[in-house]
Amino acid sequence: MTRDDDLPPRCWGVGLVRTGNTSFCEALTLLGYDPVAQSPGFEQLRALRGGSENGVVLHYKYLDYIFPGSKFVLMTRPLDAWLASMLHAHTADPRPIAGQHDRIARRMAIYETVGYDTAILTASFHRHHADVRRYFADRPDDLLEMDITAGDGWDKLCPFLSVPVPEAVFPRLNAGVAAT
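This text gives an overview of the structure that appears in the document. None of these values were measured; they are calculated from a predicted model.

1. Section: unusual backbone geometry
The omega angle of the peptide bond from Asp 34 to Pro 35 is 0°, so this bond is cis rather than trans. Within the element layout of this structure, Pro 35 appears in the loop between helix H1 (21-30) and strand S2 (36-38). Its identity as a non-glycine residue notwithstanding, Ser 39 has a phi of 55°, on the positive side. In this structure, Ser 39 sits in the loop between S2 and strand S3 (50-52). Although it is not a glycine, Glu 112 adopts a positive phi angle of roughly 65°. Tracing the sequence through the fold places Glu 112 in the loop between helix H5 (101-111) and helix H6 (118-135). Residue Glu 112 is classed as partly exposed on the basis of its relative accessible area of 46%.

2. Section: the layout of surface pockets
By volume, the second largest pocket is sized at about 200 Å³. Around the second largest pocket, the lining residues are Val 57, Leu 58, His 59, Tyr 60, Lys 61, Tyr 62, Ala 109, Ile 110, Ser 124, Arg 127, His 128 and Asp 131. Of all the secondary-structure elements, those providing two or more residues to the lining of the second largest pocket are helix H3 (60-66), H5 and H6. Residue classes in the lining of the second largest pocket are distributed as six nonpolar, three polar and three charged.

3. Overview of the environment of Pro 164
By the element assignment, Pro 164 lies in the segment after helix H7 (154-161). Of the residues examined, Pro 164 reaches a relative accessible area of 67% and is grouped as exposed. Measuring from C-alpha to C-alpha, the distance between Pro 164 and Arg 139 comes to 23 Å, with 25 residues separating the pair along the chain. With residues near it in sequence (within four places) discarded, Pro 164 still touches Leu 31 and Cys 158.

Conventions adopted
- Residues numbered from 1 in each chain as written.
- Predicted model: local features only at pLDDT ≥ 70, side-chain atom pairs only at ≥ 80, totals over all residues.
- Heavy atoms only, no water.
- Helix = DSSP H or I, 4+ residues; strand = E, 2+ residues; numbered from the N terminus.
- Buried < 20%, exposed > 50% of the residue type's maximum accessible area, 1.4 Å probe, protein only.
- 1 Å grid on protein atoms, 1.4 Å probe; cavity = no way out; pocket = protein on both sides within 12 Å on 5 of 7 lines; lining within 4 Å.
- Points joined across faces, edges and corners; volume = space filled by probe spheres on them.
- Nonpolar A, V, L, I, M, F, W, Y, C, P; charged D, E, K, R; others polar.
- Contact = heavy atoms within 4.5 Å.

Put into structure tokens, the structure is as follows:
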């Protein structure tokens, strides 16, 4: 049985949706993290070695408390590109949410909206980034900022986690809408 001390630190992506969460989770998997989940439910968190998206964003301070020594990655991208991607997700490829109360509650807690509203989403974007940066202000070695959409990859992530760079190309999944 492998002890936690023999494994790399748990790693949590605290980027908002549409900032490279799918790529980030795949990168953790390629680095040997297991299990990893994208947008896990609260009940799943304690069993994971890593994860990202709304389920982690909502509970990252809890994860920091119960897993001391964890590493956190704030995936970000330019606001205009993020808003364009959010608009596309809400209009061209909407995912039904009616009746999915956990997802509704998460979106309201993080974004203060379930739908697309430029002003509300802009405020939530700035609020979230400021809160993460404030929380880790005295612990810069525990937070890495990456813009996966701009090409950040193994060169930033692997040294931060103190793991070797794998042979595989850094995953670029769900590449989508850029600002126009």
